[in-house]
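Here are the chains, one letter per residue:
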Amino acid sequence: MIEAAIKPDVHAFFDKRTSSVQYVVTDPETRHCAIIDAVLDFDEKSGATATVNADHILHHVDANGLTVEWILETHPHADHFSAAQYLRSKTGAATAIGSHIVEVQALWKKLYNWPDFDADGSQWDRLFMAGDRFNIGELDATVMFSPGHTLASITYVIGDAAFVHDTMFMPDGGTARTDFPGGSAEQLWRSIEAILALPDGTRVFVGHDYQPGGRDPQWESTVAEQKSSNIHISRCKSATEFVAMRQARDKTLPMPKLILAALQINMNGGRLPEAEANGQRYLKIPLNALGNPKWD
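In this text the structure is predicted, and so the values were computed from the model without any measurement. (Residues numbered from 1 in each chain as written. Predicted model: local features only at pLDDT ≥ 70, side-chain atom pairs only at ≥ 80, totals over all residues. Heavy atoms only, no water.)

1. Side note on the nonpolar core
By size, the foremost hydrophobic cluster in this structure holds 23 residues, and its most contacted members are V24, I35, V68, F81 and L87. Those elements that place two or more of their residues in this core are β3 (32-36), β4 (39-43), α1 (52-63), β6 (67-72), α2 (84-91) and α7 (259-266). (Core = buried A, V, L, I, M, F, W, Y, C linked by side-chain atoms within 4.5 Å. Buried < 20%, exposed > 50% of the residue type's maximum accessible area, 1.4 Å probe, protein only. Helix = DSSP H or I, 4+ residues; strand = E, 2+ residues; numbered from the N terminus.)

In structure tokens form, the structure reads like this:
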């Protein structure tokens, strides 16, 4: 799966507001690149949107003479808006996500009471299935299906690098929650096992860093480091132990503050709601739709 001789250039962009890590992954030979999990800025207090993060990425692309081939999503995010459509409009690059997005769309379509929403994945240019291969310049990329955090989560293995989204965090941050609609601790354990079966030297790039202990943001480790020192994985020697730990921890976590705002954007490929007759766009927030979650 990994060609050890090929090492993509990876440039990370950390968004402090959402603790998200965005990536530009570049083939050093052709200077073609992919953008992974880009953030569209949103201020929940004022309802304002902006493109500060995405424009920073575009500046990096321009300053380094890169050609964007792909705008990739690892999963439908619950804690930030996707900038995929904005970046597509600026670069013309193809957008892609995992094929199981249609299951997420079907689930959330009901929660939003959105009967005319097309829950068929047509909001992206390509839907990746497990085992699919594609190229970024001359780099070979492979898709792994990595459910558990969401129904549609995938991992991109690009050269010697694995972009594992929210399946795992840095070793001192543990693993992702599984209590969102469609989440599963059992599936997450199997997804982690598959990622940790990659060669020990595989570089692991995470989708968030919550800076445990107040340290500076980090986003890169290796498979070997995750095996030996991830605070959840190294302490759980079986699926049963992991599931019990993960489910108990999830019960203590409040929902992400943007989940109900973000999913209606992100299941639509990063598109904001259409303007209504008065020219204004509106988000739709269902009340009491997520059971009885813990409050802050």
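2. With respect to the pattern of salt bridges
Evaluated as defined, the whole model comprises 14 salt bridges. Close ionic contact of R17 with E44 constitutes a salt bridge, the shortest N to O distance being 3.9 Å. Remark: E44 occurs in the loop between β4 and β5 (48-50) and R17 occurs in the loop between β1 (9-15) and β2 (20-26); sequence separation between them is 27 residues. For E44, a relative accessible area of 30% translates into the label partly exposed. With a shortest N-O distance of 2.7 Å, D209 and R215 are connected by a salt bridge. Overall, D209 belongs to the buried group, its relative accessible area being 2%. A single salt-bridge network, built from bridges that share partners, covers R17, D43, E44, K45 and K257. (Salt bridge = Lys/Arg side-chain N within 4 Å of Asp/Glu carboxyl O.)

3. Topic: the layout of surface pockets
Here the largest pocket defines a volume of roughly 1,100 Å³. Listed by contribution, the elements that provide at least two residues to the lining of the largest pocket are α6 (239-250) and α7. Per-element tally for the lining of the largest pocket: the top contributor is α7, with three residues. Taken together, the residues that form the lining of the largest pocket break down as 21 nonpolar, 11 polar and 12 charged. Taken as a whole, the second largest pocket holds about 430 Å³ of empty space. (1 Å grid on protein atoms, 1.4 Å probe; cavity = no way out; pocket = protein on both sides within 12 Å on 5 of 7 lines; lining within 4 Å. Points joined across faces, edges and corners; volume = space filled by probe spheres on them. Nonpolar A, V, L, I, M, F, W, Y, C, P; charged D, E, K, R; others polar.)

4. Overview of the side chain of T175
Note that T175 resides in the loop between β13 (161-163) and α4 (185-196). Looking at T175, the relative accessible area reads 3%, which means it is buried. Beyond its immediate stretch of four places on either side in the chain, T175 contacts T167, M168, F169, L188, I192, N230, H232, I233, F242, M245 and R246. (Contact = heavy atoms within 4.5 Å.)

5. A word on the packing of aromatic side chains
Scanning the entire structure with this criterion turns up 13 aromatic pairs. On the basis of an interplanar angle of 45° and a centroid distance of 4.5 Å, the ring pair of W114 and F117 is categorised as tilted. By relative accessible area, which is 5% here, F117 ends up buried. Consider the rings of W189 and F242, whose centres lie 5.2 Å apart with planes at 40°: the pair is tilted. Of this pair, W189 sits in helix α4 while F242 is found in helix α6, placing the two residues 53 residues apart along the sequence. The exposure class assigned to W189 is buried, which follows from its relative accessible area of 11%. A connected cluster of aromatic rings, assembled from ring pairs, spans W70, F128, F134 and Y156. (Phe/Tyr/Trp six-rings, centres within 6.5 Å; stacked < 30°, edge-to-face > 60°.)

6. Quick notes on α7
Within α7, eight of the eight residues are buried, leaving the element largely enclosed by the surrounding structure. As for α7, its buried residues are in contact with β4, β7 (81-82) and α3 (101-111).

7. A short note on the pairing of strand β8 (residues 94-98)
Extensive coverage of β8 is indicated by the burial of four of its five residues. Strand direction decides the pairing type here: β6 and β8, joined by three bridges, are parallel. Bridge pairing links W70 to A94 in β8. Across three bridges, the pairing between β8 and strand β9 (residues 126-128) is parallel. Directly across from G98, in β9, lies its bridge partner F128. The parallel pair β8 and β9 is bridged by α3, and the resulting crossover is right-handed. (Pairing = 2+ DSSP bridges. Right-handed = clockwise from strand over helix to strand, strands pointing away.)

8. Quick look at the environment of L290
Note that L290 resides in the segment after α7. A C-alpha to C-alpha distance of 9.0 Å links L290 and M255, two positions 35 residues apart in sequence. Setting aside chain neighbours within four positions, we find L290 in contact with W108, P181, M255, I259 and L260.

9. Considerations on unusual backbone geometry
In this structure, D37 is a non-glycine residue whose phi angle is positive, near 60°. Turning to its location among the elements, D37 is positioned in the loop between β3 and β4. A positive phi is found at H165, a non-glycine position, where the angle reads about 50°. Its location among the elements puts H165 in the loop between β13 and α4.

10. Focus: α4
Side chains that are three or four residues apart share a direction in an α-helix, a result of its 3.6 residues per turn. Taking 1.5 Å per residue, 12 residues should reach 16 Å; α4 reaches 16 Å between its end C-alpha atoms and fits that length. By the burial criterion, the buried members of α4 are A185, L188, W189, S191, I192, I195 and L196. Within α4, the buried residues cover an arc of 165° as seen down the axis, which keeps them to one side. Elements that come into contact with the buried residues of α4 comprise β11 (139-145), β12 (154-158), α5 (223-229) and α6. (Expected span 1.5 Å × (residues − 1). Arc of directions from axis to C-beta.)

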